[in-house]
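# Reading the structure
The lines below spell out each chain.
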Amino acid sequence: MTSPPSTGFDKRYQGFLFDMDGTLLNSIAAAERVWGRWAARHGLDVAAFLPTMHGKRGIDTIRGLALPGVDAEAEALEIERGEIEDIDGVVALPGAVDFLKGLPAERWAIVTSSPVKLARARIEAAGLPQPPKIVTAEDVKIGKPDPAGYRLGASRINADPARCLVFEDVMAGVLAGEAAGADVMVITATHSHVLETRYPTLASYEGLQVHVDATGDIQIVRTA
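In this text, all values refer to a predicted model and were calculated from it rather than measured experimentally.

### Here we look at the environment of Leu165
Tracing the backbone through its elements, the reader meets Leu165 in strand β6 (residues 164–168). Taking the C-alpha atoms as reference, Leu165 lies 6.6 Å from Gly15; in sequence the two are 150 residues apart. Dropping the residues within four chain positions of it, Leu165 is found in contact with Gly8, Tyr13, Gly15, Phe16, Leu17, Asp183, Val184, Met185 and Ile220.

### So, helix α6 (residues 116–126)
All buried positions along α6 are accounted for by Leu118, Ala119, Ala121, Arg122, Ile123 and Ala126. As for α6, its buried residues are in contact with β2 (25–26), α1 (28–41), α4 (72–85), β3 (91–92), β4 (108–111) and β5 (134–135). The positive-phi residue at the C-terminal boundary of α6 is Gly127, with phi of around 75 degrees.

### Topic: the pattern of salt bridges
Note on pairing: side chains with opposite charge can pair once their charged atoms come close. Tallied over the entire structure, the rule returns 14 salt bridges. Of the charged contacts, one joins Arg122 and Glu83 as a salt bridge, the two residues approaching to 2.9 Å between their closest N and O atoms. Of this pair, Arg122 sits in helix α6 while Glu83 sits in helix α4, and the two are 39 residues apart along the sequence.

### A look at the packing of α1 against α4
As a packed pair, α1 and α4 sit with axes 9 Å apart at the nearest point and diverge in direction by 140 degrees. Considering only the axes of α1 and α4, their crossing is right-handed. Contact with α1, carried on its side by Ala31, Val34, Trp35, Trp38 and Arg41, involves Glu75, Glu78, Ile79, Gly82 and Glu83 of α4 and no other residues of that element. Taken together, the residues of the contact of α1 with α4 sort by class into five nonpolar, one polar and four charged.

### Quick notes on the packing of helix α3 (residues 58–65) against α4
Direction vectors running N to C along α3 and α4 enclose 135 degrees, while the axes themselves pass 9 Å from each other. Classified by the interaxial angle, the pair formed by α3 and α4 is oblique. Of the two possible hands of crossing, α3 and α4 adopt the one that is right-handed. Residues Gly58, Ile59, Ile62 and Arg63 of α3 form the contact with α4, whose own contacting residues are Ala72, Glu73, Glu75 and Ala76.

### Focus on the sheet that holds strand β1 (residues 15–18)
Ordered in space as β5-β4-β1-β6-β7-β8, the six strands form an open sheet in which the pairing is parallel. In this open sheet, the two edge strands, each paired with only one partner strand, are β5 and β8 (201–202). In terms of strand pairing, β6 meets strand β7 (residues 183–187) through four bridges, oriented parallel. Note on β7: the bridge partner recorded for Val166 is Val184.

Cut-offs applied
- Residues numbered from 1 in each chain as written.
- Predicted model: local features only at pLDDT ≥ 70, side-chain atom pairs only at ≥ 80, totals over all residues.
- Heavy atoms only, no water.
- Helix = DSSP H or I, 4+ residues; strand = E, 2+ residues; numbered from the N terminus.
- Contact = heavy atoms within 4.5 Å.
- Buried < 20%, exposed > 50% of the residue type's maximum accessible area, 1.4 Å probe, protein only.
- Salt bridge = Lys/Arg side-chain N within 4 Å of Asp/Glu carboxyl O.
- Axes fitted to C-alpha atoms, helices over the stretch in contact; angles between N-to-C directions.
- Left-handed = near helix turned anticlockwise from the far one by under 90°.
- Nonpolar A, V, L, I, M, F, W, Y, C, P; charged D, E, K, R; others polar.
- Parallel < 35°, antiparallel > 145°, perpendicular 65-115°, else oblique.
- Pairing = 2+ DSSP bridges.

Okay, here's the thing in structure tokens:
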């Protein structure tokens with residue numbers, strides 16, 4: 001019988017690994033403006049397509065469509081340029097800034113499907129602290145749900161993936177964290193529909209802080 005997952009509050013961890021979009025900041029409006037224009041130009045059903053592109057590398061999304069005559073790498077670069085230029089409305093999730101500032105710098109990293117220039121631009125636009133370590137689309141050959149990104153993120157903070165807590169908002173990321181051997185916390189701040197997983201959820205980072213023990217291990221605690 002499979003044991004129930006950690007609640008995220010009942011364990012101490014060597015490190016926290018965060019997805020970015022939908023997990024630390026809300027970039028849905030900006031991303032969907034850019035991707036919506038792209039999808040319309042390629043004759044796709046925009047409303048049906050947009051929910052499918054979150055949480056994955058742009059190039060993986062485009063390749064998965066198998067559109068005839070489309071250069072996936074060139075199109076992904078075009079999307080990246082558009083998203084860097086359009087950061088209007090990108091905001092931090094409630095409580096995320098203070099939560100990150102309460103973490104020891106060597107104990108956390110961001111693991112995102114975004115290219116590094118876009119990730120840095122959105123982090124700055126949202127007013128979040130720039131992560132001391134970051135894994136981006138350029139760092140892995142295969143994106144989420146493959147666990148490579150989270151395994152690399154753990155190694156960059158000198159942590160065992162099995163002793164990390166992954167913060168995610170979409171199924172591709174949840175599966176990546178699970179496959180890496182980490183515990184998972186699902187952030188629901190931007191969800192319009194329930195994400196059906198066995199993992200615990202958080203609506204925001206408000207009322208939370210981080211306890212650091214004598215060994216440097218970290219644990220989420222509620223303040224309210």
